Amino acid sequence: MEFMRILLSILVLIFHGNTGVLSEAGLLVLDYYKEACPLVEEIVRRNVEIAVLRDPRMAASLLRLHFHDCFVMGCDASNLLDTFGDMVSEKQAGPNLNSARGFEVIDNIKYLVEEACPYTVSCADILAIVARDAVALRGGPRWEVWLGRKDSLKASFDGANQFIPSPNSSLETLIANFKQQGLDTEDLVTLSGSHTMGKARCVSFRQRIYDKSTEENFDSYKRYTTFRRILRSICPESGRDNALGALDFKTPTRFDNLYFHNIIEGKGLLQSDNVLVREDLEGEIREQVWAYSSDQQLFFASYVNSIVKMGNINVLTGNEGEVRKNCRFVNP
């Protein structure tokens, strides 16, 4: 049996490429809930659609929940847990506090899924499906979601502070952050394209617009002066920490490739966006950015590969973890 299992694992990797479908715990599969909860993807899609129609920015927020989950202990819905007893919630960590949103949307989806299929669909799988639907509903690609994740029994406040990339990160730090998760530089550039929709708080981009050491502030042709002035009108040197700026000022509510146009022009909102071009000494990243900026379908195809790969980081399967009844608390 063990030989057959290994053989099956190899075949999956051959047919599906480097998408991270293999984990130490076992395999995620397509149509995991085909018999146990056949309506789960329809329930999720319908409710993500409602949430995004009410608030277009919610698409980016829901996608971000999946990202922030996977970078801390793996894709196990640990970031959905509330503080309980001695366990401090990841929601209280710096990258999430007063920033992460969409928890009520997940709560509502989980409630409806539990009504249809009690103790069957994990919160971690719901996050993965929600991320796919959030992207697709805003004009981005749609992909098949590999399922079968279980939910973590704990959160990691320290892990959230340590492993989620900072908006002021250098390129070297970003590459190291992603490598730690088993993601390469190509995945970094591709997944950074998630910033083609959504908004960020002033506190996240203040350093980028007031740091006089950045070369763009000394641009002799004044190419960035107007853009910087607009950002400074939104975000003063002190105060208004929660004022919002669009991550993609051209099409902030659509998932497209204009993010890459922006960073080529030095008009990424976050420092971590602009360093992809500015600090790329070898030129390989710049080539990838140019390729995505000129070919949206290439970006979409690469994005599907990278987000599926990300969605399989350190997943819990089989007898590991549990299927929470309420995403905010472990089962009693």
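Look up a bit, the structure's there.
Below, the structure is looked at part by part.

So, how was this worked out
- Residues numbered from 1 in each chain as written.
- Predicted model: local features only at pLDDT ≥ 70, side-chain atom pairs only at ≥ 80, totals over all residues.
- Heavy atoms only, no water.
- Disulfide = S-S within 2.5 Å.
- Helix = DSSP H or I, 4+ residues; strand = E, 2+ residues; numbered from the N terminus.
- Buried < 20%, exposed > 50% of the residue type's maximum accessible area, 1.4 Å probe, protein only.
- Axes fitted to C-alpha atoms, helices over the stretch in contact; angles between N-to-C directions.
- Left-handed = near helix turned anticlockwise from the far one by under 90°.
- Contact = heavy atoms within 4.5 Å.
- Nonpolar A, V, L, I, M, F, W, Y, C, P; charged D, E, K, R; others polar.
- Core = buried A, V, L, I, M, F, W, Y, C linked by side-chain atoms within 4.5 Å.
- Phe/Tyr/Trp six-rings, centres within 6.5 Å; stacked < 30°, edge-to-face > 60°.
- Lys NZ or Arg CZ within 6 Å of the ring centre and 35° of its normal.
- Polar contact = N/O pair within 3.5 Å; in protein donor to acceptor, adjacent residues only side chain to side chain.

**Topic: the state of the cysteines**
Then step 1. Under the counting rule described, the total for this entry stands at four disulfides.
Then step 2. One disulfide in the model links Cys123 with Cys327; its S-S distance is 2.1 Å. Taking the sign of the S-S torsion, -100 degrees for the link of Cys123 and Cys327, the bridge is left-handed. On the criterion of sequence distance, the pair formed by Cys123 in helix α5 (residues 123-137) and Cys327 in the segment after α14 (296-310) is long-range, its members being 204 residues apart.
Then step 3. With a relative accessible area of 0%, Cys123 lands in the buried category.
Then step 4. Of the residues examined, Cys327 reaches a relative accessible area of 2% and is grouped as buried.
Then step 5. Shown here is the disulfide that connects Cys202 with Cys235, its sulfur atoms set 1.9 Å apart.

**Some words on the packing of helix α4 (residues 103-116) against α5**
Then step 1. Where α4 meets α5, the closest approach of the two axes is 11 Å, and the angle between their N-to-C directions is 115 degrees. Seen from above, α4 lies across α5 with right-handed handedness. Residue-level inspection shows Ile106, Ile109, Lys110 and Val113 of α4 in contact with α5, the latter providing Cys123, Ile126, Leu127 and Val130.
Then step 2. For the contact of α4 with α5, the class distribution of residues is seven nonpolar, no polar and one charged.

**Details of the nonpolar core**
Taken as a class, soluble globular proteins show a tendency for nonpolar side chains to be buried jointly.
Then step 1. Membership of the largest hydrophobic core comes to 75 residues, with the highest contact counts inside it found for Leu62, Ile106, Tyr303 and Met310.
Then step 2. With ten residues, α5 is the largest single contributor of residues to this core.
Then step 3. The residues contacting Ile106, other than those within four sequence positions of it, are Leu62, Leu65, Leu80, Ile126, Leu127, Val130 and Cys327.
Then step 4. Formed by twelve residues, the second largest nonpolar core is a distinct cluster that contains Cys202, Cys235, Ala243 and Leu269.

**Brief notes about the packing of aromatic side chains**
Then step 1. Counted according to the given criterion, the structure contains 16 aromatic pairs.
Then step 2. Measuring from centroid to centroid gives 5.1 Å for Phe71 and Phe178, while their planes differ by 70 degrees, and the two rings are edge-to-face. Here the residue Phe71 occupies a position in the loop between α3 (58-70) and α4, and Phe178 occupies one in helix α7 (residues 171-180), the gap between them amounting to 107 residues.
Then step 3. In this structure Phe71 comes out as buried when scored by relative accessible area, which is 1%.
Then step 4. An aromatic cluster of three or more residues is present, and its members are Trp143, Phe255, Tyr259, Phe260, Tyr292, Phe299, Phe300 and Tyr303.
Then step 5. The ring of Phe103 carries Lys91 above its face, with NZ or CZ at 4.4 Å from the centroid.

**Here's the deal with the environment of Lys91**
Then step 1. Looking at where Lys91 falls in the secondary structure, it is placed in the loop between α3 and α4.
Then step 2. Lys91 sits in the buried class, given a relative accessible area of 11%.
Then step 3. Between the alpha carbons of Lys91 and Asn79 there is a distance of 6.4 Å; along the sequence they are twelve residues apart.
Then step 4. Not counting residues up to four positions away in its chain, the partners in contact with Lys91 are Asn79, Leu80, Leu81, Asp82, Asn96, Leu97, Phe103 and Arg328.
Then step 5. Here the side chain of Lys91 touches Asp82 through a polar contact of 2.5 Å, side chain to side chain.

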